[in-house]
Amino acid sequence: MKKGYLALVLHTHLPYIKHPEEDYFLEENWLYEAITESYLPLLDVFNRLRKENVYFQLTMSITPPLVNMLSDPLLLERYDKYIRSRISLAEEELKENINMPKGKILAFYQKRLKHLYELFSKQLNSDILKGFKELQDGGFLEIITCTATHEILPLEQNNKIKEIQVEVGIDTYREAFGRNPNGIWLGECAYTKGLDEILSANGILFTVLDSHGLLHGEPPPVFGISAPVVSKNGVVFFGRDPMASKQVWSASEGYPGDFNYREFYKDIGYEISPEKVKRYLHPAGFRFDSGIKLHKITGKVPLKDKEFYDPEAAFETAETHAGNYMFNMEKEVEYLLNIYKKDPIIVVPFDTELFGHWWFEGPEFLYSLFNKISKFSKSLETVSLSRYIDRFPIMQISEPDASSWGEGGYFKVWLNEETDWIYEHLNVLGKRMMDCSNRFQKSSFLQKRLLNQMTRELLLAESSDWAFLITVGTAVNYARSREIFHINSFNYLYDQLINGKLDLRFLDWLSIKDSIFPKINYEIFKEDK
Amino acid sequence: MRKEFESMLRKELVKLASIYHIKNRHKLSKSELISAIKKAKKPLKDIKVIEEKVLKELPKKYNINHLEFAPKEPGYAFVNWETNESQNPTLKIHDGRKELLSLPVRSSGKGYFKVTEGSKLKATLGVYKGNRFKGIVSSSEIYFPLSSPIMAGEVEWVNSKEMSKKHKKVKETKEMLKEKEKIEKVAKKIKYLRFPKEDK
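All of these numbers come straight from a predicted model, not from anything done at the bench.

With that settled, consider the overall build of chain A. Scanning chain A for helices and strands turns up 18 helices and ten strands. Over its C-alpha trace chain A gives a radius of gyration of 24 Å, about what one expects of a compact globule, namely 24 Å for 529 residues. The principal-axis extents of the C-alpha atoms in chain A amount to approximately 70 × 65 × 45 Å. Within chain A, buried positions represent 55% of all 529 residues. Taking the contacts inside chain A whose residues are at least 6 apart along the sequence as the reference set, 77% of them involve residues at least 24 apart.

Residues and elements named next belong to chain B. For strand β2 (residues 76–82), a buried count of six out of seven residues is recorded, marking the element as mostly surrounded by other parts of the structure. One ladder, built from seven bridges, connects strand β1 (residues 66–73) with β2; its direction is antiparallel. Residue P71 lies in a different strand from β2, and its bridge partner there is A77. Remark: two residues form the turn of the hairpin made by β1 and β2, two consecutive strands paired antiparallel; G75 in that turn has positive phi of roughly 90°.

Once that is clear, we can look at the interface of chain A and chain B. Each side of the interface is counted separately: chain A has 59 residues, and chain B has 58 residues. Contributing elements (two or more residues each) for the side of chain A that touches chain B: α3 (73–96), β10 (394–397), α14 (422–439), α17 (476–499) and α18 (504–513) of chain A. Element by element, the count of residues in the side of chain A that touches chain B is highest for α17 of chain A, at eight residues. Of the residues assigned to the side of chain A that touches chain B, the class counts are 30 nonpolar, 16 polar and 13 charged.

Turning next to the environment of Y128 of chain B. Positionally, Y128 of chain B belongs in strand β6 (residues 120–129). Between the alpha carbons of Y128 of chain B and N88 of chain B there is a distance of 9.1 Å; along the sequence they are 40 residues apart.

Let us now look at the sheet that holds strand β5 (residues 108–114) of chain B. Read across the open sheet, the three strands follow the order β1-β2-β5 (chain B); overall the sheet is antiparallel. Strand pairing shows two members of the sheet lacking a second neighbour, β1 and β5 of chain B, which therefore form its edges. Geometrically, the sheet is characterised by an average inter-axis angle of 15° between neighbouring strands, direction not taken into account. Strands β1 and β2 of chain B of the sheet are contacted by α14 of chain A, whose axis makes an angle of about 130° with β1 of chain B.

In this section: the domain arrangement of chain A. All names here are of chain A. Looking at the assigned domains, one finds that chain A contains domain 1 (4–408) and domain 2 (413–525). With centres defined by C-alpha atoms, the gap from domain 1 to domain 2 works out at 29 Å. The interface is formed by 25 residues belonging to domain 1 together with 22 residues belonging to domain 2. Mapped by element, the contributors of at least two residues to the side of domain 1 that touches domain 2 are α2 (64–69) and α6 (159–177). Broken down by element, the side of domain 1 that touches domain 2 gets its largest block of residues, five residues, from α6.

Right, let's get into unusual backbone geometry. Residue and element names in this part refer to chain A. Note the cis peptide between E218 and P219, where omega equals -5°. By the element assignment, P219 lies in the loop between α8 (211–215) and β6 (229–230). Residue N53 is not a glycine yet carries a positive backbone phi of 55°. Tracing the chain through its elements places N53 in the loop between α1 (29–51) and β2 (58–62).

With that settled, the discussion passes to the packing of α1 of chain A against α3 of chain A. Residues and elements named next belong to chain A. Where α1 meets α3, the closest approach of the two axes is 10 Å, and the angle between their N-to-C directions is 65°. Pair α1 / α3 crosses with right-handed handedness. Taking contact as the criterion, the partners of L31, Y32, I35 and T36 in α1 are, on α3, L75, Y79, Y82 and I83. For the contact of α1 with α3, a count of residues per class yields seven nonpolar, one polar and no charged.

Quick notes on the rules
- Residues numbered from 1 in each chain as written.
- Chains lettered and ligands numbered in written order.
- Predicted model: local features only at pLDDT ≥ 70, side-chain atom pairs only at ≥ 80, totals over all residues.
- Helix = DSSP H or I, 4+ residues; strand = E, 2+ residues; numbered from the N terminus.
- Rg over C-alpha atoms; globule rule 2.2 N^0.38 Å.
- Buried ≥ 20, exposed ≤ 12 C-beta atoms within 10 Å, placed from the backbone.
- Contact = placed C-beta atoms within 7 Å.
- Pairing = 2+ DSSP bridges.
- Nonpolar A, V, L, I, M, F, W, Y, C, P; charged D, E, K, R; others polar.
- Axes fitted to C-alpha atoms, helices over the stretch in contact; angles between N-to-C directions.
- Domains from an automatic or database assignment.
- Left-handed = near helix turned anticlockwise from the far one by under 90°.

Rendered as structure tokens:
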């Protein structure tokens, strides 16, 4: 029987956040929450599937900022402390509520957190990347790279910097995973004509775009988004299937809104005593999410009326939803096979943090989905993007159009009246960096250090995350201050370099604080390279 | 804070020790480094002062010529510019042959302009010397996306592995050629279904 292919793509990215100057820094928790709720649970379910000899394949991008954070000793030590504090909190709460209705849920959390900590500290020896690497080496997971700091490349003024973003992404991947990546995730799937030339020159075989990037291509793809296309420069483009994705990510129309699932917005961090907040969350008594959430969505009711969460019922629901999703995907491939008579692919990319962090039962959903497809489906198979290209290399030539997967489908999320002040600085800094790398060809050891740190500050200033956060209204002050900090730090170092007055203490401090890309060499900016 | 230091690697502590100008830092053990850093912690305040300064304000002007030209969404371009020329400049948007906009502007500013979808354009900032326009700074060529598909172009099929520089060239096997023919046949049929006018 002819088959269709389901290609799940998990995009794993967080902005580079490291604050050694503070003992506790709220935004650093984004990483710790993602590790506890998404990365470790996903590794856990993938390893379970592997042990049970279930055939599954998926693609996952791990971005350079995240690779750097997951390799940073200070952040990993802090994570160790974070998860142990959550275990202690769950234990204390359990002790106090052992005979209460919520005792059962607290026991569930205590067991789960201990299990995840065991996975992190003993099995992985704090090396989360190793866990994903092993799955890649085993043929289950295809890891792809991303641009250096998730920059929106169509907004970058300088072609040389577009190339550097791609090159640094590949170098970081090679360092972490010991091989070259086949594919790249372009920050926010942002693409414009001509980028394929850079990708191709760097040995990149494929990337993923939003559906209209392919559908508006020249010529339009005959098979729509159910087959990839290849550009004249030899880069393969897969198109996101918006309908198949929505069913999974949408809390209002998709599975995650089911009333049995865990309620994200009711967390014991806002309910425990001030003493416990100080002991387990923040010594200054700041309240925020602890990750321990005892209630289910229940229905469209106020937070105070939410009922207690039942993990068993929720996981059963996840299994039912996985079955339903498999059925829907089977119907879609059968329909496509009927029209196209060709092996269709359904590409469904998501932010990795959807699974576990936002949708607590997401990893279990994936476990059931892979299990069911492997055991019961006659018309559907999961596939990594490289494997699909290997099997079906004959494709239509088409040049995709400029697009992104952000709201509106283009670039207004990152370029609007709230954020457009950023781009003149990025342009000037980029020019200054190139100018310096050409001028300081025979630099002293200290000048080299300074130039390398300027490179880090520039790349961090180019992160799409700061503009994104400003536009969506999340952590706006933090995002704005980070953008300003990297621009000003660059300029501060630049002035020192030009005036020949080096402030070593500041440079030392900055190289600990913004220690991303430890092996970066400013010479990548040399134009005659 | 001590606990925090303990979680750091010796290598990181040595780096930190250099900030405090701790002598013989490379010879000190981890615990000696922690004690020495704690004793010498005061100067960090100076760095905090610099950091706060760094956080404060962005440069209002760079006093150099620069121009940014970027696609926001189909039909809309963003332009930002600054020049240190004494004469008020003119901003032009053009496609190399045809001028789409010519606007006298201040020495620095920004704006959003309507442009044609699917076009490749450049922006140039310059001054008029008499009737002659002299460019000061130009953007590179920028592509502006489409909001809907264009139904044009010839459909061609290839073996993607042959095109990729990453893969070694492969010879097309009989099966591949057969598959290619099959795809072309289906594609023609689909094209007929989708765009009947073209095939009439």
